[in-house]
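A look at the structure
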Amino acid sequence: MAADPAPQPARKEQVMDALILARIQFAANISFHILFPTITIALGWALLFFKLNHDRVRAAGGDAAPWMAAYRFWVKIFALSFAMGVVSGITMSFQFGTNWPGFMEKVGNIAGPLLAYEVMTAFFLEAVFLGIMLFGYRRVPNWLHTLATVLVAGGTTASAFWILALNSWMHTPAGFELRDGVAHATDWLAIIFNPSFPYRLVHMLLASGLTVSFLMAGLSALRWLWGDRGRDCVLALKAGIYTAAILIPLQILAGDLHGLNTLEHQPQKVAAMEANWQTGPNVPLILFAWPDETARANHFELAIPNGASLILRHQADGIVPGLDDYIGNHPPVAPVFFAFRIMVGVGLLMLLVSWAASWYLLRRRDLPKSLLLALAGMSFSGWVATLAGWYVTEIGRQPWLVTGVLATGEAASTVPAPLIGLSLVLYLAVYAALIIAYMVVLTQLARKAARGEQPRADEKLAAGTFAAAE
């Protein structure tokens, strides 16, 4: 007797549920993990800035203590962030074997070496020399302490280099060939410097710089509101504000160039970002809408005429690709559309706040309480923008894991949906607790610094003013 085919749809539904749960679980893992490298990449260079100024002022016979006080406060945050990044990174790597074995089976010849290069050239530098940064002051020669800071800062950037090389290759693969369905490298320079890599690397490094700038300005503003008038607090506050004011226009420019590169290589992603359904000229820039994939149209649309054509083609009648040209081969529209607007919205808020704070510092040499509160409230705004941008990038690649090479569904494991769901709940609970604990610890470090540091009379600044602190 022939087998009853009725269970087939149920099995297919279970497979789809497992795939969706596996995607959500990996998204949760990488969302949690990326928060901490986003801090350590740029914070390493901020620490080097503090250390080099300490050395410069000390060599000139001045009072270098405030620079070292700033260094010692922020190196604690670096160490905590580094530890959180390591732990979450290890957890994330396990999922390549548990939930996504097809990834390494098909492209492991390329992904494996790039991940190994990151460990060998970057992680070891950070892990080895971080101890000297934390505990070596007054225990090793000053030049060695400075060298350790240089190497750790370089290590964080090297780590970003290799990880983003792999991630970019997954979006715009190059320098390989398929043999029996398996990717083999033919040109490592083409693999590393694939078409989207330079844009993605610059965009991410600037995002890290902005994240750290607002974290530094925000925690320093919080310390000031709590009564801390130490010069180290003012130095960090000014460094955060001025750096953010410089980086945000550069990030807008880099984002525009990255978008044009994406338009060339992943037009369906840009179409989803703009919620544009039909290819054509004079495409409006949609400020808000509710994309409907079933009707393949937008509801409640608020738009600027010709805006998308002007931005993407630099002319009002420029042709912008539409999603209807990529039916069955474009990402889910709503998540990409809304995440992109969150990223841009937070970026514009960063521009407004950093420029307003810079104007007050340069013209009036102090900050009003409203701006201090705004900076404190935006301490973790870099995380919001980074995650939103990351979702645009990664969800926008669907339905591909490696564009044109490996579909997401082809890489998934056969782990049952209930097991993935259980581990997902546990991951989310642990990650939520760790995020809250991390933010509480940083706040407590700021409160402790505000309460425990009593600057000498010659280090004090007049109440309510930000006189020049060198």
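A few points on the structure. (Residues numbered from 1 in each chain as written. Predicted model: local features only at pLDDT ≥ 70, side-chain atom pairs only at ≥ 80, totals over all residues. Heavy atoms only, no water.)

As a further point, take the packing of helix H6 (residues 197-225) against helix H11 (residues 369-377). In the contact formed by H6 and H11, the axes pass within 7 Å of each other and the chain directions differ by 130°. The orientation of H6 relative to H11 falls into the category oblique. Like other packed secondary-structure pairs, H6 and H11 cross with a definite hand, here left-handed. Of the residues in H11, those touching H6 at Phe214, Ala217, Gly218, Ala221, Leu222, Trp224 and Leu225 are Lys369, Leu372, Leu373, Leu375 and Ala376. In the contact of H6 with H11, the residues fall into ten nonpolar, one polar and one charged. (Axes fitted to C-alpha atoms, helices over the stretch in contact; angles between N-to-C directions. Helix = DSSP H or I, 4+ residues; strand = E, 2+ residues; numbered from the N terminus. Parallel < 35°, antiparallel > 145°, perpendicular 65-115°, else oblique. Left-handed = near helix turned anticlockwise from the far one by under 90°. Contact = heavy atoms within 4.5 Å. Nonpolar A, V, L, I, M, F, W, Y, C, P; charged D, E, K, R; others polar.)

Put simply, the largest pocket is a space of about 1,500 Å³. Considering the residues around the largest pocket, the lining is formed by 48 residues, among which Phe26, Ile30, His33, Met92 and Trp390 are closest to the centre. When residues of the lining of the largest pocket are traced back to their parent elements, those giving at least two are helix H1 (7-59), helix H2 (65-98), helix H3 (101-135), helix H4 (142-171) and helix H12 (381-395). Here the residues of the lining of the largest pocket sort into 31 nonpolar, twelve polar and five charged. Here the second largest pocket is characterised by a volume of approximately 1,100 Å³. Contributing to the lining of the second largest pocket are 42 residues, with His203, Gly255, Phe340, Met343 and Val344 lying nearest its centre. (1 Å grid on protein atoms, 1.4 Å probe; cavity = no way out; pocket = protein on both sides within 12 Å on 5 of 7 lines; lining within 4 Å. Points joined across faces, edges and corners; volume = space filled by probe spheres on them.)

Their axes nearest at 8 Å, the elements H2 and helix H7 (residues 231-265) cross at an angle of 70°. Considered as vectors, H2 and H7 are oriented roughly perpendicular to each other. As H2 packs across H7, the resulting crossing turns out to be right-handed. Residues Pro66, Trp67, Ala69, Ala70 and Trp74 of H2 touch H7, and the partners they reach there are Arg231, Asp232, Leu235 and Ala236. Here the residues of the contact of H2 with H7 are counted per class, giving seven nonpolar, no polar and two charged.

Bringing a nonpolar patch on the surface into the picture now. Side chains of Leu287, Phe288, Trp290, Phe300, Leu302 and Ile304 sit close together on the surface and give an oily, nonpolar patch of about 670 Å² of accessible area. Going through the elements one at a time, strand E3 (285-292) and strand E4 (297-304) are the ones with two or more residues in the nonpolar patch. Position of Trp290 among the secondary structure elements: in strand E3. (Patch = residues over 30% accessible without salt bridge, like charges linked within 9 Å, V, L, I, M, F, W, Y side chains within 5 Å. Areas by Shrake-Rupley, 256 points an atom, 1.4 Å probe, with all protein chains shown as cover. Salt bridge = Lys/Arg side-chain N within 4 Å of Asp/Glu carboxyl O.)

Right, let's get into the packing of aromatic side chains. The tally for this structure, following the rule as stated, stands at 22 aromatic pairs. Here Phe193 and Phe197 contribute two aromatic rings whose centre-to-centre distance is 5.7 Å and whose plane-to-plane angle is 75°, an arrangement assigned as edge-to-face. When its relative accessible area of 47% is taken as the criterion, Phe193 is described as partly exposed. A relative accessible area of 2% means that Phe197 is categorised as buried. An aromatic cluster of three or more residues is present, and its members are Phe32, Phe36, Phe380, Trp383, Tyr427, Tyr431 and Tyr438. Over the face of the ring belonging to Phe73 we find Arg223, whose NZ or CZ atom lies 4.7 Å from the ring centre. (Phe/Tyr/Trp six-rings, centres within 6.5 Å; stacked < 30°, edge-to-face > 60°. Buried < 20%, exposed > 50% of the residue type's maximum accessible area, 1.4 Å probe, protein only. Lys NZ or Arg CZ within 6 Å of the ring centre and 35° of its normal.)

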